Amino acid sequence: MKNADYLTGITTSGTPHLGNYVGAIRPAVETSKNPDLVSYYFLADYHSLIKNHDPKLRKQSALEIAGAWIALGLDYDNCVFYRQSDIPEIPELTWILTNLTAKGLMNRAHAYKAAVAQNDEQGHNDSDKGITMGLFSYPILMAADILMFNARKVPVGQDQVQHLEMTRDIAARFNHIYKKLFILPQVVVDKTSSVLSGLDGRKMSKSYHNFIPLFDTQKQLRKLIMKIKTNSLGPNEPKDTETCTLFSIYKAFASESETQEMAERYKKGIAWGTMKLELFDYIDAILKEPRKKYEELMNNPSDIDEILKKGALKAREFSVPFLEKIRKTIGIASIG
Ligand code: TRP
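Model, not experiment: these values are computed from the prediction.

(A) Structural context of the overall build of the chain. The helix and strand inventory of the chain stands at twelve helices and five strands. The C-alpha atoms of the chain give a radius of gyration of 22 Å, which matches the 20 Å a tight globule of 336 residues would have. Within the span of the chain, comprising 336 residues, buried residues form 46% of the whole. Excluding contacts between residues fewer than 6 apart, the proportion of contacts in the chain whose partners are at least 24 apart in sequence is 78%. Put simply, the chain shows about 17500 Å² of open surface, and 52% of that area lies on carbon and sulfur atoms. One way to put it: in the chain the 44 positive side-chain charges average out to a point 2 Å from where the 40 negative ones average out.

Right under this line is the structure:
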């Protein structure tokens, strides 16, 4: 197995939604089919330990996320699709990297700082109240995910950019202190399609509970689209596309010419009810076949397991010898 041209992880918490599809799944599915690229996609189940302490939820989320990626067309034979926890070399590398990571670097991580700020705001006398070492060292585990496969490019959302900077920092430190083994990975942020609006107009996100799940029933999908917030403009009144959640979702799915046509109809004052129905029809047509495939997979979770196990075997073709090389480099090898 070769090192990764592209690599990205998906934390296994929550149910996959339309925002995940547009931001992460759709571009990954495209890349996964490219015969000239080696792409690695994995379920970051160790990362999910940070927030969620419910074993059933974690397992269910892993099942749903893997099922969604497969149902939406991931070419798992051409790419490497696996579960982080099936690769024991990753936590081992994490510890090695932990000893090269300045605590001060971790102090500056946005997620950690936000947790501290929240404690301070709430008047707790311990700023670190409730903060685990898992949350604090999260960026090191992420660095290990990436460096384990010497990934060149890492597609992520805007909120992960700092983690990539940290990964580069840590890799450079290893290269400087021991030997140049690691490629410094580049972050890839797709600004055009990565942010989809949710039911309330804010970014679609599991933390805002404003998302539309990818694989609810057709009826539920319709119900949620009908619930999307609009303003009170009536039929025939010209409407603004820029600030419209319905339009932003439509645009994320439709072609350029369809989007332009829809913009014209906004100018002419398309009724909200009509727009909602058209949006539903559009998305439903795209999801119809994948939904069937998804349901099939949910009824046969062992098929998903098998795919992931095969992926882990492929991934370990790279990680086992590479970790061996890393161990030798740092002087953890046979002493005979
Ligand atoms: N932290 C990422 C997120 O929350 C998920 C992730 C874990 C990841 N390991 C990774 C992304 C490695 C890219 C590369 O979105």
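That was the structure; now back to the text.
(B) Local environment of the site of the ligand. Near the ligand you find 14 residues, and of these Gly 9, Tyr 138, Met 142, Asp 145 and Gln 160 are the closest. Within the side chain of Tyr 138, an N or O atom sits 2.6 Å from a nitrogen atom of the ligand. The separation between a nitrogen atom of the ligand and a polar side-chain atom of Gln 160 is 2.9 Å. Computed on the free molecule, the ligand has an accessible area of 360 Å², of which 86% lies beneath the protein chains in the complex.

(C) Quick look at helix α2 (residues 55-71). Here α2 spans 24 Å end to end across 17 residues, near enough to the 24 Å set by a 1.5 Å rise per residue. Considered for burial, the residues of α2 that qualify are Arg 58, Ser 61, Ala 62, Glu 64, Ile 65, Ala 66, Gly 67, Ala 68, Trp 69, Ile 70 and Ala 71. Looking at the buried residues of α2, the elements they touch are β1 (6-11), α1 (18-32), β2 (39-44), β3 (80-83), α11 (272-299) and α12 (301-330). For α2, the N-terminal capping position is held by Asp 54, with its side-chain oxygen 2.9 Å away from the main-chain nitrogen of Lys 56. Following α2 by one or two positions, Gly 73 has its phi on the positive side, about 105°.

(D) Inspection of the packing of α1 against helix α9 (residues 245-253) at higher detail. Direction vectors running N to C along α1 and α9 enclose 35°, while the axes themselves pass 11 Å from each other. For the crossing formed where α1 meets α9, the hand is left-handed. Contact residues: Leu 18, Tyr 21, Val 22 and Arg 26 in α1; Ile 249, Ala 252 and Phe 253 in α9. Along the lines of polarity and charge, the residues of the contact of α1 with α9 split into six nonpolar, no polar and one charged.

(E) The side chain of Asn 175, seen in detail. Tracing the backbone through its elements, the reader meets Asn 175 in helix α7 (residues 161-177). For Asn 175, a relative accessible area of 14% puts it in the buried group.

(F) Spatial organisation of the packing of aromatic side chains. In this structure the tally under the stated criterion is 17 aromatic pairs. Between Phe 149 and Phe 318, the aromatic rings sit 6.1 Å apart at their centres with planes inclined by 40°, giving tilted as the arrangement. Of this pair, Phe 149 sits in the loop between α6 (133-147) and β4 (153-155) while Phe 318 sits in helix α12, and the two are 169 residues apart along the sequence. Taking relative accessible area as the criterion, Phe 149 reaches 0% and is therefore assigned buried.

(G) Spatial organisation of unusual backbone geometry. At Asn 150, a residue that is not glycine, the phi angle is positive and equals roughly 40°. Structurally, Asn 150 can be placed in the loop between α6 and β4. With a relative accessible area of 7%, Asn 150 lands in the buried category. Residues other than glycine seldom take positive phi values, yet His 209 does so here, at roughly 55°. Along the polypeptide, His 209 turns up in the loop between β5 (186-188) and α8 (218-227). Take His 209: its relative accessible area is 66%, and that puts it in the exposed class.

(H) Broad picture of a negative patch on the surface. Side chains of Glu 296, Asp 303, Asp 305 and Glu 306 sit close together on the surface and give a patch of like negative charge. Here the element with the most residues in the negative patch is α12; it accounts for three residues. Assignment of secondary structure puts Glu 296 in helix α11. When its relative accessible area of 49% is taken as the criterion, Glu 296 is described as partly exposed.

(I) Representation of the pattern of salt bridges. Counted under the stated rule, the structure contains eleven salt bridges. A salt bridge links Asp 86 to Lys 309, with the nearest nitrogen and oxygen atoms 3.7 Å apart. Placement of Asp 86 in the loop between β3 and α3 (89-98) and of Lys 309 in helix α12 is noted, with a sequence separation of 223 residues between them. Overall, Asp 86 belongs to the buried group, its relative accessible area being 17%. Two residues, Asp 200 and Arg 202, come together in a salt bridge whose shortest N-O distance is 3.0 Å. Here Arg 202 falls in the partly exposed class, since its relative accessible area comes to 42%.

Analysis parameters
- Residues numbered from 1 in each chain as written.
- Predicted model: local features only at pLDDT ≥ 70, side-chain atom pairs only at ≥ 80, totals over all residues.
- Heavy atoms only, no water.
- Helix = DSSP H or I, 4+ residues; strand = E, 2+ residues; numbered from the N terminus.
- Rg over C-alpha atoms; globule rule 2.2 N^0.38 Å.
- Buried < 20%, exposed > 50% of the residue type's maximum accessible area, 1.4 Å probe, protein only.
- Contact = heavy atoms within 4.5 Å.
- Areas by Shrake-Rupley, 256 points an atom, 1.4 Å probe, with all protein chains shown as cover.
- Lys, Arg positive; Asp, Glu negative; His and termini not counted.
- Charge placed at Lys NZ, Arg CZ, Asp CG, Glu CD.
- Near = heavy atom within 4 Å.
- Polar contact = N/O pair within 3.5 Å; in protein donor to acceptor, adjacent residues only side chain to side chain.
- Expected span 1.5 Å × (residues − 1).
- Axes fitted to C-alpha atoms, helices over the stretch in contact; angles between N-to-C directions.
- Left-handed = near helix turned anticlockwise from the far one by under 90°.
- Nonpolar A, V, L, I, M, F, W, Y, C, P; charged D, E, K, R; others polar.
- Phe/Tyr/Trp six-rings, centres within 6.5 Å; stacked < 30°, edge-to-face > 60°.
- Patch = residues over 30% accessible without salt bridge, like charges linked within 9 Å, V, L, I, M, F, W, Y side chains within 5 Å.
- Salt bridge = Lys/Arg side-chain N within 4 Å of Asp/Glu carboxyl O.

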